[in-house]
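# Observations on the three-dimensional arrangement
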Amino acid sequence: MAKMHPPRRQVSGSALLKVLGAVLLLGALGMLASTENALLAYRQAEQRHGGEVIDMAHQGGPRPGLYGYMVRVAGPIDVVAPPRDDDFNQSASTPVLVRHVEMFQWREVVVAGEAHYELDWVDRPVDSSHFTQPVGHVNPRRFPIAGRQFDSGQVDVGGFKLSSALLHALPGSVQMSPDPKALPPNLAASFSLHDGYLTTSAHPSTPRLGDLRVSWTMVPLQAVTVVARLKGGDPFIFGRGG
């Protein structure tokens, strides 16, 4: 007796076309949503900055005739002239370099109306004359070295030079590792490297009152998108939008 086999399912050409059509439709809807999001962001930038924003992504760099216009540029940060801390002879490829100075000082902590005192690193002079018990907790009056900020001489994005206002608006901050070998002789005699800081402590693990420690932070290199007003000059300069 012959065995009966169930008929195999066959996908007709029309059914296959329907499936492919549905996939293509979903893909098209996804692309449409992405395009609409980009268009929405573009329109929002126009409204925020008060006029048309010209996208320079495919323009091959700056070109004449755009002075005063709002333009959009995206790309990696290019530090043409790195900032330098001349006092400590420290430099880094960054848009902005910041020197931080701290001193080991007395701090007053009042708990339940009772004053307690502890030594800690503080980035500003602590006036101990206002302590409840100043005797035995006297701090130095001033820092011999101050904190400072150092800006790059030139930072470009897509061939456009960023203004100082845009440099300071760049996001992020990371620790810079100082190079003790680069110190000038007068500071090399006083400072040594410990745990990412240059410190005057003779025994860095047990600092004493009045010891200093210096560190640096910097804006990291990154890819950014800038929407700003184009000013004239050579090189072309981005000012803050608006």
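These notes cover the structure that comes with them. What you are looking at is a predicted structure, and each value in this text was computed from that prediction instead of being measured. (Residues numbered from 1 in each chain as written. Predicted model: local features only at pLDDT ≥ 70, side-chain atom pairs only at ≥ 80, totals over all residues. Heavy atoms only, no water.)

A tally of regular secondary structure across the protein chain gives three helices and 16 strands. For the protein chain, the residues scored as buried account for 32% of the 242 residues in total. Once local pairs closer than 6 in sequence are excluded, the contacts in the protein chain between residues at least 24 apart make up 62%. Only carbon and sulfur atoms are counted for the fraction: they give 55% of the accessible area of the protein chain, which is about 15400 Å². (Helix = DSSP H or I, 4+ residues; strand = E, 2+ residues; numbered from the N terminus. Buried < 20%, exposed > 50% of the residue type's maximum accessible area, 1.4 Å probe, protein only. Contact = heavy atoms within 4.5 Å. Areas by Shrake-Rupley, 256 points an atom, 1.4 Å probe, with all protein chains shown as cover.)

Where strand β6 (residues 96-111) lies against strand β7 (residues 114-122), nine bridges are found, and the strand directions are antiparallel. Bridge pairing links Q105 to D120 in β7. In this antiparallel pair of consecutive strands, β6 and β7, the connection spans two residues, and A112 shows a positive phi of 55°. (Pairing = 2+ DSSP bridges.)

Further remarks concern the nonpolar core. In terms of nonpolar packing, the biggest core is built from 19 residues, with I77, L162 and L170 touching the most fellow members. Counting only elements with at least two residues in this core, the list comes to β2 (70-76), β9 (154-157), β10 (160-162), α2 (164-169) and β15 (223-231). When near neighbours in sequence (up to four residues on either side) are disregarded, L170 contacts I77, P95, L162, V219 and V224. A92, L198, V214 and M218 belong to the second-largest nonpolar core, a separate cluster that totals 17 residues. (Core = buried A, V, L, I, M, F, W, Y, C linked by side-chain atoms within 4.5 Å.)

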